[in-house]
Amino acid sequence: MDWLQEYDRARFFNIRTDSSDHTALFLDIVGVVHVPRSRGFQFENAWLLDGGYREVVEREWASTPGLTLQARLGVCGRGLRRWGGDRHHKYGKRIEGIKKEMNGLRGSRDPSFPANLNDANIVLIPKKCSPVSVSDLRPIALCNVLYKIIANRMKPFLEGMISVSQSAFLPGRLISDNILIASEVGHYLRRKQLGQVGWAVLKLDMAKDYDRMEWPFVRQMMTGLGFDDRWVQLVMMCVQTVRYRVLVSGKPSKEIVPTRGLRKGDPLSPYLFIICAEGLSLLLQDSQAKGLLHGCRVARGAPSISHLFFADDSLLFFKANLQEALEVRKCLGIYESFSGQAVNFQKSSITFSRDTIVEDRDLVANALGVAQADDFGKYLGLPSVVGRNRRAVFAYVEQKLRQRFGSWNKRLLSKAGKEVLLKSVAQAMPTYIQ
């Protein structure tokens, strides 16, 4: 009460803007009278789409004979401003309706979305000059800005929820971390020649990883990680209310209603995917805690590493025996049954340390149903084995550069244009290649 008596003219304002979903709170303790400032005349390009602006100019100009040029221009400007107000041209009703809808959403606690907010049109972009089949077309669609707002608000909380074995899309975690760890483990397995038991590295290939994700599993994982029920409901509405229409010759087709999957390119989808991948990570950690799986240690005192995840690129490390191979297969089966994911065992591969006997290699590979390989190939864009001839190993980088700017249409560029193109293509390559 003392504060209110001392500042008896204090007022509290909620300043709203049309350019943001945030509202500023302003406390005025002096009691200044806010007088709206008059805005100078500005011609709106949208008026050109309405033929009525020309009639306004002609009428105002004809009504001011004898005045100076500057005065007549001022009269025309005021007439256009009156005509161009929210209630005086054909866009007025639409703008007014949108403003009312936005004001209703600002303080609303209704968890539902407005109709058609999550609709998207799919445009088919040809990959070559004369497309023949559907595979020659690349689908692309734009999603609502609402996804980016939700993704940015959820991003800071994931670092404490997602295990350190995942390094994708999280602040403070780099792709180079996984590459260095995988390189060190691979080097250890190639050098290991003695020991009672060998080690195995399983490189997984997930079939249609984003498209097969089941929506109930997404909800269960978010709830299990501690997200509030209202937040889970909001995120699931973003996922489940998607509707597609394919534009064929510029005309929308019939509505397509998906029943599962995450949209690639959606700002929210990568975070939802790593949340779901945490389910497999927790299964492997639980088996490791029970002693059913053993992670690889590259040295005494080094941490035990049982798996490395970067989005859909996965490496699993375990002892090369039948028991642990069956336990890995069991964890993968549980994850597949709940999430809808499917491991493509035909494209997956397994690598063994040098001290693993041939019988154990065949036994583990047959139990998992994967092919054996000398190493786990490229991981996150880099080769897992770098020998002495590094020039030959990284020759693919130069080859990719040549493919990008070696076509005939790039030859028409000037020297400066070629330099800009070369820099842009080279900078798009992984920055960790050295």
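Look above for the structure.
Chemist: Go over unusual backbone geometry with me, naming the residues and quoting the values.
Modeler: At Phe169, a position not held by glycine, the phi torsion is positive, near 65°. Its location among the elements puts Phe169 in the loop between α5 (146-158) and α6 (175-191). Phi is positive for Lys208, close to 50°, though the residue is something other than glycine. In this fold, Lys208 is placed in the loop between β5 (199-204) and α7 (215-224). The exposure class assigned to Lys208 is exposed, which follows from its relative accessible area of 58%.

Chemist: Describe the nonpolar core, naming the residues involved and giving the relevant values.
Modeler: Formed by 59 residues in total, the largest nonpolar core has its most connected members in Leu202, Phe318 and Ile350. Residues in contact with Ile350, not counting those within four places in the same chain, are Ala200, Val201, Leu202, Phe318, Val364, Ala365, Leu368, Val370, Ala371, Gln372 and Ala373. Grouped together as the second largest cluster of nonpolar side chains are 20 residues, Val201, Cys296, Phe310 and Leu315 included.

Chemist: Explain the environment of Trp3 residue by residue, including any values.
Modeler: Of note, Trp3 is situated in helix α1 (residues 2-6). Judged by relative accessible area, which is 41%, Trp3 ranks as partly exposed. Ignoring anything within four residues of it in the chain, the contact list for Trp3 reads Ala10, Leu27 and Ile29.

Chemist: Pulling in residues and values, what's your account of the sheet that holds strand β8 (residues 307-310)?
Modeler: With mixed pairing, the five strands of this open sheet are ordered in space as β8-β9-β5-β10-β11. The open sheet has two edge strands with one neighbour each: β8 and β11 (371-372). In terms of strand pairing, β5 meets strand β10 (residues 349-352) through four bridges, oriented antiparallel. Counterpart to Ala200 in the pairing with β10 is Phe352. Of the strands in this sheet, β5, β8 and β9 (313-319) touch α6, which is tilted by about 150° from β8. Sheet contacts for helix α11 (residues 358-368): β5, β9, β10 and β11; angle to β10, the most-contacted strand, approximately 160°.

About the criteria used
- Chains are numbered independently. Their residues run from 1 in the order of the written sequence.
- Where local features are concerned, this predicted model is filtered to residues with pLDDT of at least 70; where side-chain atom pairs are given and counted, the filter is 80 or more; whole-chain, interface and lining totals use all residues.
- Hydrogens are left out, water is left out, and the side-chain values use all remaining heavy atoms of the structure.
- Strands here are runs of E lasting at least two residues and helices are runs of H or I lasting at least four, both read from the DSSP assignment and numbered beginning at the N terminus.
- The buried label goes to any residue with under 20% of its type's maximum accessible area, the exposed label to any with over 50%, and the partly exposed label to all in between, with areas taken from a 1.4 Å probe on protein chains only.
- Only buried residues count toward a nonpolar core, which is a set of Ala, Val, Leu, Ile, Met, Phe, Trp, Tyr and Cys residues joined through side-chain atoms within 4.5 Å.
- Any pair of residues with heavy atoms lying within 4.5 Å of one another is described as a contacting pair.
- Any two strands with at least two DSSP bridges between them are considered paired.
- Only the stretch in contact is used when fitting a helix axis, every axis being a line fitted to C-alpha atoms; angles between N-to-C directions are given from 0 to 180 degrees.

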